[in-house]
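So you can see what is in the structure, the chains are spelled out below.
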Amino acid sequence: KGGGQYGFNGFLCMNATYPLARLRIREKEIHLTIGGWAQSFEIEEIERIQSHSGMFSEGIKIIHRKKIKSKHVIFWPKKNDVLYEALKQAGFEPA
């Protein structure tokens, strides 16, 4: 559970919160749904996962190589520690 944002940057973007924003982590794959937008990222398509600070929350930013228009991909989880542990167990190395 949490919130998500995707688009060209922090101003030209779409925002959604649970239940319209979801993040599923599988072994070597992340699936993100934000509003009507859904995207899967395989581990080879992700350059890095870095922490991201919003005005009121902490989350992750997915820096990816995927050939899609949305380069700005952010997810704010309800619990950061649970998210980071799940990412590590799935083979990702969040920074």
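Residues numbered from 1 in each chain as written. Predicted model: local features only at pLDDT ≥ 70, side-chain atom pairs only at ≥ 80, totals over all residues. Heavy atoms only, no water.

**Details of a positive patch on the surface**
What counts, and what does not: Each patch is built from residues lacking any salt bridge and having more than 30% relative accessible area; the joining distance is 9 Å for like charges and 5 Å for nonpolar side chains (Val, Leu, Ile, Met, Phe, Trp, Tyr). The Shrake-Rupley method, run with a 1.4 Å probe sphere, supplies the accessible areas, and residue values consider only the shown protein chains as cover. Should a side-chain nitrogen of Lys or Arg be within 4 Å of a carboxyl oxygen of Asp or Glu, the pair is scored as a salt bridge. In this tally, Asp and Glu contribute negative charge and Lys and Arg positive charge; neither His nor the terminal groups of the chain are included. Lysine's charge is taken at NZ, arginine's at CZ, aspartate's at CG and glutamate's at CD. Strands here are runs of E lasting at least two residues and helices are runs of H or I lasting at least four, both read from the DSSP assignment and numbered beginning at the N terminus.
Residues K1, R22, R24, K78 and K79 make up a contiguous surface patch of positive charge. By the element assignment, R22 lies in strand β3 (residues 21-26).

**A short note on the pairing of strand β1 (residues 2-7)**
Put simply, the test is: We call a residue buried when its accessible area falls under 20% of the maximum for its residue type, exposed when it is over 50%, and partly exposed in between, using a 1.4 Å probe and counting protein chains only. The pairing criterion for strands is at least two bridges between them, as found by DSSP.
With respect to burial, β1 is a largely interior element, 6 of its 6 residues being buried. Neither face of β1 is open: one carries G2, G4 and Y6, the other G3, Q5 and G7, and all of them are buried. Taken together, the 6 bridges between β1 and strand β8 (residues 72-77) define a ladder with antiparallel strand orientation. Within the sheet, the bridge partner assigned to Y6 lies in β8 and is V73. Summarising the sheet, β1 and strand β2 (residues 13-17) pair through 5 bridges and their orientation is antiparallel. The residue bridging Q5 from the neighbouring strand is N15, located in β2. What sits between the antiparallel neighbours β1 and β2 is a turn of 5 residues.

**Quick look at the sheet that holds strand β4 (residues 29-34)**
Using the following cut-off: Interaxial angles span 0 to 180 degrees and are taken between N-to-C directions of axes, which are lines fitted to C-alpha atoms, for helices over the stretch in contact.
Spatial ordering of the open sheet is given by β3-β4-β5, a layout of 3 strands whose pairing is antiparallel. Each end of this open sheet is capped by a strand with a single partner; those strands are β3 and β5 (37-42). Strand after strand, the sheet turns through a mean of 10° between neighbouring axes, direction not considered. Inspection of the sheet shows β3 paired to β4 by 6 bridges, in the antiparallel sense. Within β4, the residue paired with R26 across the bridge is E29.

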